[in-house]
Amino acid sequence: MITKTPQFGILSAAVLAACVVLSSANAAPAQEATGVEAPPYEPQLMRLSEIFGALHYLRPLCGESDTPTWRDRMEDFLDAETRDENRRRRFIERFNQGYRGFSVAYQDCTEAARLAMAQYLDQGEVIITDVTSRYGR
């Protein structure tokens, strides 16, 4: 079992902050209803969804019991970020891709799994910081 890294706490707090900032700054609900294209930070949010899925698989595999779970964090993210069902499905599919990709590759917590987990925590933090600093209020 590994101990929680400092990045976990930072990313966890950043996820909650990003949901609030993106929710308040997001012009997408109006755009979604009219069919106008997605916000410019959409690719980063899709990647973040994939990271959440990967962490939802990897953290318990390596003995971490996160509360709330990464799936719960994804639900909060979806509630804050999506109003359009098609967009919501795309985010969920990316979450599932992240989960499935690691569930096929790892049955046990290995050093490579721990490394991937640390890199995903770092990458998620970078995405959240970038998106909220560029597009948040």
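Our structure's up above, just so we're on the same page.
Residues numbered from 1 in each chain as written. Predicted model: local features only at pLDDT ≥ 70, side-chain atom pairs only at ≥ 80, totals over all residues. Heavy atoms only, no water.

A separate point is the state of the cysteines. As enumerated under the stated definition, the model contains one disulfide in all. Through a disulfide, C62 is tied to C109; the S-S separation comes to 2.0 Å. Handedness of the C62-C109 disulfide follows from its S-S torsion of about 95°: it is right-handed. Of the two residues, C62 is situated in the loop between α3 (42-61) and α4 (70-81) and C109 in the loop between α5 (85-105) and α6 (111-135); the sequence distance between them amounts to 47 residues. A residue is classified by how much of its surface remains accessible, and C62, at 4% relative accessible area, is buried. On the basis of relative accessibility, which here comes to 22%, the residue C109 falls in the partly exposed class. (Disulfide = S-S within 2.5 Å. Helix = DSSP H or I, 4+ residues; strand = E, 2+ residues; numbered from the N terminus. Buried < 20%, exposed > 50% of the residue type's maximum accessible area, 1.4 Å probe, protein only.)

So, on to the packing of α3 against α4. Interaxial distance between α3 and α4 falls to 8 Å at its minimum, and their mutual angle equals 160°. If you check the angle between α3 and α4, you find them roughly antiparallel. Note on packing geometry: the crossing formed by α3 with α4 is left-handed. Between α3 and α4, the residues in contact are L45, L48, S49, F52, L55, H56 and R59 and W70, R71, R73, M74, F77 and E81, respectively. Taken together, the residues that form the contact of α3 with α4 break down as seven nonpolar, two polar and four charged. (Axes fitted to C-alpha atoms, helices over the stretch in contact; angles between N-to-C directions. Parallel < 35°, antiparallel > 145°, perpendicular 65-115°, else oblique. Left-handed = near helix turned anticlockwise from the far one by under 90°. Contact = heavy atoms within 4.5 Å. Nonpolar A, V, L, I, M, F, W, Y, C, P; charged D, E, K, R; others polar.)

With 21 residues, α5 ought to run about 30 Å at 1.5 Å a step, and its terminal C-alpha atoms sit 30 Å apart, in line with that. If you check which residues of α5 are buried, you get R87, R88, F91, F95, G98 and F102. The buried residues of α5 occupy an angular sector of 120° when projected down its axis, which confines them to one face. Within α5, the exposed residues directed more than 90 degrees away from the buried face are V104 and A105. Its side-chain oxygen placed 3.1 Å from the backbone nitrogen of N86, D84 serves as the N-cap of α5. (Expected span 1.5 Å × (residues − 1). Arc of directions from axis to C-beta. Polar contact = N/O pair within 3.5 Å; in protein donor to acceptor, adjacent residues only side chain to side chain.)

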